[in-house]
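Spelled out, the chains give:
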Amino acid sequence: MKKGRVFSGARPTGRQHIGNYLGAIKNYVALQDDYDCIYCVVDVHALTTMEDVGEIRENTREMMLDWLAAGLDPERSIIFVQSRVPEVLELYTFFSMITPLGRLLRIPTFKEKARMQPDNVNYGLVGYPVLMAADILLYKAEVVPVGEDQAFHLEFARETARRFNLLFGQTFPEPQIRLTTAPLILGLNGVNKMSKSLDNDIELAASPEQTMERVMTAFTDPARRYLSDPGHPDVCNINHLHQFFTDSADRSAIQEACRKAEIGCVECKRILGSNINKALEDFREKRAEIAAKSGYIDEVLADGASRAEAIAKETIFEVKQNMGLI
Ligand code: TRP
C-alpha cells in the first residue's frame, strides 16, 4: 500500500547535469518506492519566459532520456508532458477567478522574473503560480518534492486549495511541500549554483572525455596558488564534489594529502573526474539503449498522458459540479 500521491514538475531544460541529479532526480526516483508518483514536464510554464521556445520538444526528449536512464520508471509512475493533458488549463482558468491579483503580484518569484525580463512581463508570468497550483491540485497530490526556490509557489497552491474548499466545498487536499534535502551543488566556477545557463555544469550524458575536460576547468581552493602551497579542502568546491562520488576513506586521504601539499589540484581533479565517470557508467549505457529505441519516448509520454488524463477528467467533473457549472 502506497502512502499517497506525489506530483512534481520540471521545465524542459534539456540535458540534465549532476546538480539536477543530486538535487531532484535522485529524490524523484526514491519516492517511487513509497508513493504513487506523477512527474510532469511543464512545457506550458516554459512559455512564460519564451526562452528556448523552438527547442521545447527537443529539450523534453533529452530530459526524458536522462529521467528514464536515471531510474524514473514509467511502469510505476506517470510521466507526461503538461500540455498533453489540457484539463490543467481549465483548472487554471477556474483558479484564476478566485485568486486576488494583488496576491500574485506580491510573490517574490514573480517580482524576480519581472525584473529579469522587463520587456516581457506577460499575463502568463503573473499566473505562473496559478498554473502550478492547477498542476498539483488537478491530481490531488498530497506531497510535492521541490527545492527551496519553489516554497512560495507551494504556499500559494495550499492557499488555493483552502480558498476553493471554503468557497465550493471540500474538494482538494492541501499539498505538503517536501523540500529536497540535497546540499547546494556549486558549479565548476565554485561560486554559483550549478546551472546550464551559467555554463558551469557537468551533463549526466557527457562522454567520459568531456566530463574529464570539464572537471579540469573547475576552480579549486583560491588560496592555493602553487603546488607547494598547503591546500584548504574545506573551502574547495572540488573537495565538496568528491563527497558525492568518492568513498569516504579515499576522500580523507586526498584531503590529508592536499593539506600537506602532497597532492596537486590536477591530480585531485583527475580522481574526481574518473569517479564521476565510474558512477555514471551504468546510467550512460542505459541512456544510449533508450535513445536507440525509436519511438520509445513518445510511447512512454503518450501512455503517461492518457493515465494522467483519466485522473484529470474526474477532478474537472467534480470541480465543475462543486462550482455549480454542471
Ligand atoms: N515551478 C517549478 C520550477 O520552476 C516547476 C513546476 C511547475 C512544478 N509545476 C509544478 C513543480 C508542480 C512542482 C509541482 O521548478
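Residues numbered from 1 in each chain as written. Predicted model: local features only at pLDDT ≥ 70, side-chain atom pairs only at ≥ 80, totals over all residues. Heavy atoms only, no water.

### Comments concerning a negative patch on the surface
- Taken together, Glu51, Asp52, Glu55 and Glu58 make up a surface patch of like negative charges.
- Since its relative accessible area comes to 42%, aspartate 52 is described here as partly exposed. (Patch = residues over 30% accessible without salt bridge, like charges linked within 9 Å, V, L, I, M, F, W, Y side chains within 5 Å. Areas by Shrake-Rupley, 256 points an atom, 1.4 Å probe, with all protein chains shown as cover. Salt bridge = Lys/Arg side-chain N within 4 Å of Asp/Glu carboxyl O. Lys, Arg positive; Asp, Glu negative; His and termini not counted. Charge placed at Lys NZ, Arg CZ, Asp CG, Glu CD. Buried < 20%, exposed > 50% of the residue type's maximum accessible area, 1.4 Å probe, protein only.)

### Topic: the pattern of salt bridges
- In this structure the tally under the stated criterion is 24 salt bridges.
- The residue aspartate 73 makes a salt bridge to arginine 76 at a minimum N-O spacing of 3.2 Å.
- For arginine 76, a relative accessible area of 37% corresponds to the partly exposed category.
- Here arginine 214 makes a salt bridge to aspartate 199, at a shortest N to O gap of 3.2 Å. Of the two residues, arginine 214 is situated in helix α9 (residues 208-216) and aspartate 199 in the loop between β5 (176-179) and α9; the sequence distance between them amounts to 15 residues.
- Through salt bridges with shared partners, one network takes in Arg15, Glu62, Asp66, Glu203 and Arg287. (Helix = DSSP H or I, 4+ residues; strand = E, 2+ residues; numbered from the N terminus.)

### Things to note about the domain arrangement of the protein chain
- In terms of domain boundaries, the protein chain breaks down into domain 1 (5-185 + 295-323) and domain 2 (208-283).
- Its C-alpha centre places domain 1 at a distance of 36 Å from the equivalent point of domain 2.
- At the interface, eight residues of domain 1 touch seven residues of domain 2.
- The contact between domain 1 and domain 2 buries some 620 Å² in all, and 84% of this surface belongs to carbon and sulfur atoms.
- At the surface where domain 1 touches domain 2, the tally comes to zero salt bridges.
- Taken together, the connections running from domain 1 to domain 2 amount to one residue pair in polar contact (both at pLDDT 80 or more).
- At the level of elements, α1 (18-31) and α3 (56-70) are the ones that each hand at least two residues to the side of domain 1 that touches domain 2.
- In terms of residues, the side of domain 1 that touches domain 2 owes the most to one element, α3, which gives three residues.
- In terms of residue class, the side of domain 1 that touches domain 2 is made up of seven nonpolar, no polar and one charged. (Domains from an automatic or database assignment. Contact = heavy atoms within 4.5 Å. Buried area = accessible area lost by both parts, 1.4 Å probe. Polar contact = N/O pair within 3.5 Å; in protein donor to acceptor, adjacent residues only side chain to side chain. Nonpolar A, V, L, I, M, F, W, Y, C, P; charged D, E, K, R; others polar.)

### As for the site of the ligand
- The local shell around the ligand holds 13 residues, among which Arg11, Tyr128, Met132, Asp135 and Gln150 are the closest.
- Here an oxygen atom of the ligand and a side-chain polar atom of arginine 11 are 2.9 Å apart.
- For the ligand, a nitrogen atom lies 2.9 Å from a polar atom in the side chain of glutamine 150.
- Contributing elements (two or more residues each) for the shell around the ligand: β1 (5-10), α7 (123-138) and β4 (143-146).
- Residue contributions to the shell around the ligand peak at four residues, all from α7. (Near = heavy atom within 4 Å.)

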